[in-house]
Amino acid sequence: MQRSVSAAAAVACLVVLAVAPALAGPAAPTDYPTDAPTDAPATTTPGLDLLLIHTNDMHARFEQTNRFSSRCSDAEAASNSCYGGYARIAAHIKEARGQAKNGGPAVLVLNAGDTFQGSFYYNIFKWRMAAVLTNMLAFDAMSLGNHEFDDGEAGLEPFLRDVRAPHVCANLDASANPQMQQRVRPSVVLDVNGTSVGVVGYVTSDTALLAKPVQVKFLEEIAAVKAEAQRLHEQGVKIIIALGHSGYPKDKEIAAQVPHVDLVVGGHSHSFLYTGPAPDNDEPVGLYPTFVKQPSGREVPVVQAYAFTKYMGRLRIQFDADGEIASRKDVRGLPVLLDHTQPQDPQVLDELEQWKKQLDPATFEPVGRTLVFLDGVCRIKECNLGNLVADSLVYYRATRYSGPGWTDAPIGVQNGGNIRTSVDKVGDGTINLLNVIETCPFENLLVVVYLRGDVLLQMLEHSVAEYDLQYQKGAFLQYSGIRVIYDLTVAPGRRVVSALALCGNCTIPSYSPVDPRQVYGVVTNDFLVAGGDGFKMLKDAPSLSLADVTPYGALAEYIRIHKVVAPAVEGRVGFLDRRKKPMPNAASTALPQSSLLLVFSLMLLLLSTNR
């Protein structure tokens, strides 16, 4: 009996081994390395052993932040719960360069744009503080970001003048601005341990819609990068890096379509790429590095390092004598979480203190309290911080309105890209002016725009026209006085399933379906009214400017008056999923005939063994 049981068990194991590959479905893709990446050397072949250190979307996070990339409180600092900041980045770069001098790999330090905008420091000091601290980091090359143009060319040119690192952007047409054309070149060739390394820059061609450029134009990225890479190749430059600010999807397109590019270092989409378990609360959207195959068969790694100085990208690459990456094993690394274990550079800390002394003490005074976490992730869903901001816009107008009804603008709209960070509930939930400014740092002014219902519906449609869970575009809107349901399974332009709007000229506010012929008052910011983020339907509508108040000014007033806030997610934005679950793919789930025959034979053997 014991013998028959053992035989049966053995046969059962054989059955499992035979059918397991088929039951498991398609094999895991082989596009990415399966071994745990480190930046240890993989080969010792002749060529360039390079350690790439890179950052992107620093967004004026000069000081360390909390895990949500907003201001780190004294309590969080005391509990070693702070991240990033220029002092940690400076220390990390200095350490790597010191190791290079002592026999370590050559170091190249790159910045993929959006140094500007995102903290109260930028609102107060603009380019001046950014230039001083950027020079302390000593990047080898920098690309431009769209936010570098938030204050027009006039706000960028002094920064370009004072920063020592070269700025590169191949798809910038600055022919109408000779001064900028002189300071921003399509590419730069760097001497790295005797090897020429070309760095070609690019920035999103949507910058004209996202910022306030005046004279410059932005060309399509791929054609511009391809032409510049070809020029460098013809000059004998064997290693070419594309450094730019157009987002993870565009980075992968460049990697696939530009033949002479060996590596793409990106930004703009704040994409956290990682291989293996994530080290903190950030969810990876792709592997680090992401390998993209070109038609020729060459594989080009793509990297990005999230945003807000929380991580430092770190990639060790072995180029062969021809400037090629022979195999994936020659590319290793991971972004480094800059937590409390990373020392801070004392010189940068001293410099920060000099700027902090110039701040108005009122910046740190409390304006109110929150009882809940204020979620600033507002580009793909309704968020409670977005609701709070939109409500504050409506409240600001209503408290200054005199006319029929309770307001002429019962609808508030804030683009998700204008909400830059979350506010954690620390201690009793005290919120100061600094917190408020950092949630909505842009100095756009409030405007009431009067829209016919059909135009209002176009605005609601545009909010999700390019809805993308991975890219998370800033055009996604947060609402007050609107209840909208979308169906993302249909084509853009037809995704609004239902839309209700709050009445203004009424005794008791209530919701009713949007009437295409009725006029609705909407409080929003002048960036959107000017057609920013692609909202061109708002440009020609009648409007009324609300003095000189910004969204953060309206939000600060709202919190001061209410003293305590606890915004909820209320179903202002909903998604209807009409998709049916797909039937299993027969080709991927059916057992091959050979496996069926083997299973049948083993079952017969099992039966005969147990007799």
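This text goes with the structure placed above it.
None of these values were measured; they are calculated from a predicted model.

(A) Representation of the pattern of salt bridges in the model. Applying the stated criterion across every chain yields a total of 25 salt bridges. One salt bridge connects E63 with K356, and the closest N-O pair in it is separated by 3.1 Å. Residue E63 is located in the loop between strand 1 (48-55) and helix 2 (74-78), and its partner K356 is located in helix 11 (residues 346-356); the two are separated by 293 residues in the primary sequence. Close ionic contact of R231 with E228 constitutes a salt bridge, the shortest N to O distance being 2.6 Å. Placement of the pair is R231 and E228 together in helix 9 (residues 221-234), with a separation of three residues, close to one helical turn. Among the residues examined, E228 registers a relative accessible area of 9% and is labelled buried. Because the salt bridges share partners, they merge into one network encompassing R67, D280, D282 and K310.

(B) Structural context of the sheet that holds strand 22 (residues 482-486). Strands sit in the order 24-23-22-28 across an open sheet of four strands; the sheet is mixed. Both edges of this open sheet fall to strand 24 (511-513) and strand 28 (573-575), since each of them pairs with a single strand only. Here the strands of the sheet are splayed against their neighbours by 20° on average, with no regard to which way each runs. Of the strand pairs in this sheet, strand 22 and strand 23 (residues 496-502) are connected by five bridges, and their pairing is antiparallel. Bridge pairing in strand 23 links R483 to L500.

(C) Molecular detail of the packing of aromatic side chains. Within this structure, the stated rule accounts for 20 aromatic pairs. Ring centres 6.3 Å apart and planes at 80° place the aromatic pair F120 and F364 in the edge-to-face group. Here F364 lies in the loop between helix 11 and strand 17 (366-370) and F120 lies in helix 4 (residues 120-125), a separation of 244 residues in the sequence. Residue classification places F120 among the buried positions, given a relative accessible area of 2%. Through a chain of ring-to-ring contacts, the aromatic side chains of F62, Y86, F120, Y121, F125, W355 and F364 assemble into a single cluster.

(D) Spotlight on the sheet that holds strand 20 (residues 446-452). On the basis of which strands lie adjacent, the open sheet formed by five strands has the order 21-18-25-20-26 and mixed pairing. The sheet is open, and its two borders are formed by strand 21 (477-480) and strand 26 (543-545), each paired with just one other strand. Between one strand axis and the next, the sheet turns by 25° as a mean value, whatever way the strands run. Sheet topology note: the strand 20/strand 26 ladder contains three bridges and is antiparallel. Note on strand 26: the bridge partner recorded for V448 is L544. Where helix 14 (residues 453-463) meets the sheet, its contacts fall on strand 18 (411-415), strand 20, strand 21 and strand 25 (519-525), and the angle it forms with strand 20 comes to roughly 115°.

(E) How the structure looks around the state of the cysteines. Throughout the structure, instances matching the rule amount to three disulfides. There is a disulfide in this structure between C72 and C82, and the S-S distance comes to 1.7 Å. Judged by the torsion about the S-S bond (-50°), the C72/C82 disulfide is left-handed. Taken together, the positions of C72 in the loop between strand 1 and helix 2 and C82 in the loop between helix 2 and helix 3 (86-101) put the pair ten residues apart, joining distant regions of the chain. With respect to burial, C72 and C82 carry one shared label: buried. Here C503 is linked by a disulfide to C506, with a sulfur-sulfur distance of 2.1 Å. On the sign convention where negative is left-handed, the bridge of C503 and C506, at about 90° about the S-S bond, is right-handed.

(F) Broad picture of the side chain of T370. Along the chain, T370 falls in strand 17. Within the local environment of T370, its side chain forms a polar contact with the backbone oxygen of V372, the two atoms lying 2.7 Å apart. If we ignore the near neighbours within four places in the chain, the residues touching T370 are K425, D428, G429, I431 and V565.

(G) Representation of the environment of K94. Looking at where K94 falls in the secondary structure, it is placed in helix 3. Distance from K94 to A138, taken between C-alpha atoms, is 9.5 Å for residues 44 residues apart in sequence. Excluding residues within four positions of it along the chain, K94 makes contact with D345 and Q347. A polar contact is formed between the side chain of K94 and the side chain of D345, at a distance of 2.8 Å.

(H) Structural context of helix 14. When you tally the buried positions in helix 14, you get eight out of eleven residues, the bulk of the element. G453, V455, L456, M459, L460, E461, H462 and S463 are the residues of helix 14 that are buried. Buried residues belonging to helix 14 abut strand 18, strand 20, strand 21, strand 22, strand 23 and strand 25.

(I) Seen up close, the nonpolar core. In this structure, F62, F149, F159, L172 and M180 are the most contacted members of the largest nonpolar core, which totals 69 residues. For this core, the domains that each give at least three residues are domain 1 (46-355) and domain 2 (361-575). When near neighbours in sequence (up to four residues on either side) are disregarded, M180 contacts F149, E153, L156, E157, L160, L172, A174 and V216.

The rules behind the values
Residues numbered from 1 in each chain as written. Predicted model: local features only at pLDDT ≥ 70, side-chain atom pairs only at ≥ 80, totals over all residues. Heavy atoms only, no water. Salt bridge = Lys/Arg side-chain N within 4 Å of Asp/Glu carboxyl O. Helix = DSSP H or I, 4+ residues; strand = E, 2+ residues; numbered from the N terminus. Buried < 20%, exposed > 50% of the residue type's maximum accessible area, 1.4 Å probe, protein only. Pairing = 2+ DSSP bridges. Axes fitted to C-alpha atoms, helices over the stretch in contact; angles between N-to-C directions. Phe/Tyr/Trp six-rings, centres within 6.5 Å; stacked < 30°, edge-to-face > 60°. Contact = heavy atoms within 4.5 Å. Disulfide = S-S within 2.5 Å. Polar contact = N/O pair within 3.5 Å; in protein donor to acceptor, adjacent residues only side chain to side chain. Core = buried A, V, L, I, M, F, W, Y, C linked by side-chain atoms within 4.5 Å. Domains from an automatic or database assignment.

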